[in-house]
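# Breakdown of the fold
The primary structure of each chain is shown beneath.
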Amino acid sequence: MKKLLLIALLGASAFPALSQPRRTTAPAPTPAPAPLRAIADEVSEANLRATVERLVRFGTRHTLSVRDHPTRGIGAALNWTEGQFRRFSRDCGGCLTIVRPSDTVTNRRIPTPTLVEDMIAIQRGTGDPNRVVIITGHIDSRVTDPMNATSDAPGANDDGSGTAAVIEAARVLSRHRFAGTIVYAALSGEEQGLNGGKILADYARAQGWRVEANLNNDIIGNSCGADGVCDDATVRVFSEGPRWQGHEDLAARQRSLGGENDAPGRNLSRFIDTLADQLSLGLNVRQVWRNDRFGRGGDHTEFLNAGFPAVRFSVAIENYDWQHQDLRTENGTVYGDTIDHMDFPYLRRVTQLNVAALAALARAPMPPEPTVRGGVSTDTTLTWADVRDAVGYMVRWRRTDGNNWEESRRVGPAVSVCGEPPPSHPCAPPLNQTTLRGVRVDDWVFGVSSVAADGSESPVASAVPGGAFRPYAPPPPPPAQ
Ligand SMILES: [Zn+2]
């Protein structure tokens, strides 16, 4: 009886009068919800410039540089960043909690035990505070020799630009309220081995945070290369395909069921690409379907290692003469990461996209964790557990060689099935299910997103092994016979 009731209720809400999948054609992007564009427009180019100027004035922010000098070195830079977060928190009635996660690190680029500290501000969510989105940039800088902790290392673009985006995001978003928690993080130790990223990922795990996304910003403030090629209308978003965390267990399941292009980080990349189109900022996303630039790395990698979805933002055109270089002129070529090489209107657009993405993610519910079945069948069925604060879901699918979601169907909320009144036991958890008639599972990749009451939609989580927005855990072994 209860089962019948469940089916009847789902039949009313989850199976719209469609026998054939409906093609959604959207020649022009749907505009972003007005509040997102309005929030993005609060980002100030003047503030970004002032922050980078201030960071450069610390001389060097090398992780091994002086810690106790009032105006020079990594210590002074971290203290100044803390002061910014405290100022924003005062303005929002104490809405930010400021913490310095740290570790004492020794490695091939940190020869003696050294305290590596991150500076983070936590804006606790009002609805689902354990769901966390994190923006990161690295505050440490370097010159040609990664061990040189005393020469001037302005690090204007690498990564004063990302740190300025983090600080400006905190200023703008702390004036608003969100269901989920947002963490603003200036990391150190990046140039010495991604230490700050690992410290924060470990901290997130220790807090029990459900990290939905890490948006890492590293080198986001120039638009021209050494060869004169310029592009100030594109930002690259790097994402891993098969997820690294759990890959040994996943490999066999993904070979059978797919998922090579559907790690949660890849779906985060698709989400940001679509959002950029909707925002009309004059900034396109070029999704780069690899974890980072060729043979190089960044702090988001440590989040991915911990199983947290993460992407890296970086400029469309890097200038290799202006990063990791001693300040000098050689044969007429100017080397060094100085502020005069930066493009602040471009940095503003990239920061706007980050701020809108953080707001969109923190407003929307968590993505569902769908599963799909339909082998040797003419129909495909998706099933997923209800998601907190979701009032509906979007089932999406695309060709296996399609780069973004192509087809969609809206599915209404599930309805709990309770015992006869008065309920003698708690309601059964709602289960959502939809069947796509005439859609062969072999030829498509499927996913589902959650939709909140205000229309905010989460990223799509793909119905593939390892597709869920949480650390991967192998499925339990089948019960013994
Ligand atoms: Zn960097």
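Relevant structure appears above.
The text that follows walks through the structure, step by step, so that each part is easy to find. If you're wondering where the values come from, they're calculated on a predicted model, not measured in any experiment.

Further remarks concern helix 8 (residues 264–279). Helix length check: helix 8, at 16 residues, gives a terminal C-alpha distance of 22 Å against a target of 22 Å (1.5 Å per residue), a fit within 8%. With respect to burial, helix 8 is a largely interior element, 13 of its 16 residues being buried.

So, about the nonpolar core. Grouped together as the largest cluster of nonpolar side chains are 87 residues, with contacts concentrated most on Phe-85, Leu-173, Tyr-184, Ile-272, Phe-313 and Leu-353. Per-element accounting of this core gives the leading share, 13 residues, to helix 10 (residues 344–363). With residues near it in sequence (within four places) discarded, Ile-272 still touches Leu-215, Val-237, Val-285, Val-311, Phe-313, Leu-353 and Ala-357. In this structure, Ile-122, Val-183, Ala-185 and Ala-310 belong to the second largest nonpolar core, which totals 18 residues.

Moving on: the coordination of the zinc ion. Taken together, His-138 (NE2), Asp-158 (OD), Asp-218 (OD) and Asp-218 (OD) make up the full set of protein donors to the zinc ion, lying 2.0 to 2.7 Å away. One can describe the site at the zinc ion as irregular: its 4 donor atoms subtend angles covering 53 to 145° at the metal. Coordination of the zinc ion draws on donor residues from a single chain, spaced H-x19-D-x59-D in sequence. Of this pair, Asp-158 sits in the loop between strand 5 (131–138) and helix 5 (160–173) while Asp-218 sits in the loop between strand 7 (210–217) and strand 8 (234–238); the two residues are 60 residues apart in sequence, bridging distant segments of the chain. Considered together, Asp-158 and Asp-218 belong to a single accessibility category, that of buried residues.

Now for the sheet that holds strand 14 (residues 380–385). As summarised here, the arrangement of the 3 strands in space is 13-14-17, forming an open sheet in which the pairing is antiparallel. Sheet topology places strand 13 (371–373) and strand 17 (431–436) at the edges, where each strand pairs with a single neighbour. Strand-to-strand twist across the sheet, computed as the mean angle between neighbouring axes with direction ignored, equals 20°.

Each value, and the rule that gives it
- Residues numbered from 1 in each chain as written.
- Predicted model: local features only at pLDDT ≥ 70, side-chain atom pairs only at ≥ 80, totals over all residues.
- Heavy atoms only, no water.
- Helix = DSSP H or I, 4+ residues; strand = E, 2+ residues; numbered from the N terminus.
- Expected span 1.5 Å × (residues − 1).
- Buried < 20%, exposed > 50% of the residue type's maximum accessible area, 1.4 Å probe, protein only.
- Core = buried A, V, L, I, M, F, W, Y, C linked by side-chain atoms within 4.5 Å.
- Contact = heavy atoms within 4.5 Å.
- Donors = N, O, S within 2.8 Å, 3.2 Å for Na, K, Ca; no water.
- Tetrahedral: all angles 85-135°; square planar, octahedral: opposite > 155°, others 65-115°.
- Pairing = 2+ DSSP bridges.
- Axes fitted to C-alpha atoms, helices over the stretch in contact; angles between N-to-C directions.

Function cannot be inferred from these measures alone, as they are strictly geometric.
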